[in-house]
Amino acid sequence: YDHVYALKGVSITVVRPGSPAEQAGLHCGDLLLSIDGRWTCSVNDVYSAASKVEPDQSTEIVFQRKGEEQKTVIKPRRGF
């Protein structure tokens, strides 16, 4: 367990059907910790980190589900 993430993260409250988040396996209630190696401590951090990833470029995200840190790959689309 990486203690750096202990107080970090943004709770995922909505996962839209067919969205890149759903395709990456994210669920409501997951805690988003980083996108493309950039920590996410606030919604603004999420938008900032996501804006650095080109549409259709796969990138790694780190999230926490039920207290367990996990990684997956997400492929953002234009407009999301």
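Located above this text is the structure these notes cover.
Residues numbered from 1 in each chain as written. Predicted model: local features only at pLDDT ≥ 70, side-chain atom pairs only at ≥ 80, totals over all residues. Heavy atoms only, no water.

1. Things to note about the overall build of the chain
Logical step 1: Secondary structure assignment for the chain yields 2 helices and 5 strands.
Logical step 2: Seen in sequence order, the chain has helices and strands lined up from the N terminus as β-α-β-β-α-β-β.
Logical step 3: Taking all 80 residues of the chain together, the buried fraction comes to 34%.
Logical step 4: As displayed, the chain has an accessible area near 5,200 Å², and 50% of this comes from carbon and sulfur atoms. (Helix = DSSP H or I, 4+ residues; strand = E, 2+ residues; numbered from the N terminus. Buried < 20%, exposed > 50% of the residue type's maximum accessible area, 1.4 Å probe, protein only. Areas by Shrake-Rupley, 256 points an atom, 1.4 Å probe, with all protein chains shown as cover.)

2. Some words on the side chain of Thr59
Logical step 1: On the secondary structure map, Thr59 appears in strand S4 (residues 59-65).
Logical step 2: The exposure class of Thr59 is buried, given its relative accessible area of 4%.
Logical step 3: Polar contacts involving the side chain of Thr59 include one to the side chain of Asp36, which spans 2.8 Å. (Polar contact = N/O pair within 3.5 Å; in protein donor to acceptor, adjacent residues only side chain to side chain.)

3. Some words on unusual backbone geometry
Logical step 1: The residue Asp36 is not glycine, and still its phi comes out positive at about 55 degrees.
Logical step 2: On the secondary structure map, Asp36 appears in the loop between strand S2 (31-35) and strand S3 (38-39).
Logical step 3: Its identity as a non-glycine residue notwithstanding, Lys66 has a phi of 50 degrees, on the positive side.

4. Things to note about the pattern of salt bridges
Logical step 1: For the coordinates displayed, the defined rule picks out 2 salt bridges.
Logical step 2: Between Arg65 and Asp30 there is a salt bridge, and its shortest N-O distance comes to 2.7 Å. With Arg65 in strand S4 and Asp30 in the loop between helix H1 (20-23) and S2, this residue pair connects regions lying 35 residues apart in the sequence. Asp30 matches Arg65 in its accessibility class, with the two residues each being buried.
Logical step 3: Here Arg38 ties to Asp36 by a salt bridge, and the two come within 2.7 Å at their closest N and O atoms.
Logical step 4: On the accessibility criterion, Arg38 (31% relative accessible area) is partly exposed.
Logical step 5: Relative accessible area serves as the criterion here: at 32%, Asp36 is assigned to the partly exposed category. (Salt bridge = Lys/Arg side-chain N within 4 Å of Asp/Glu carboxyl O.)

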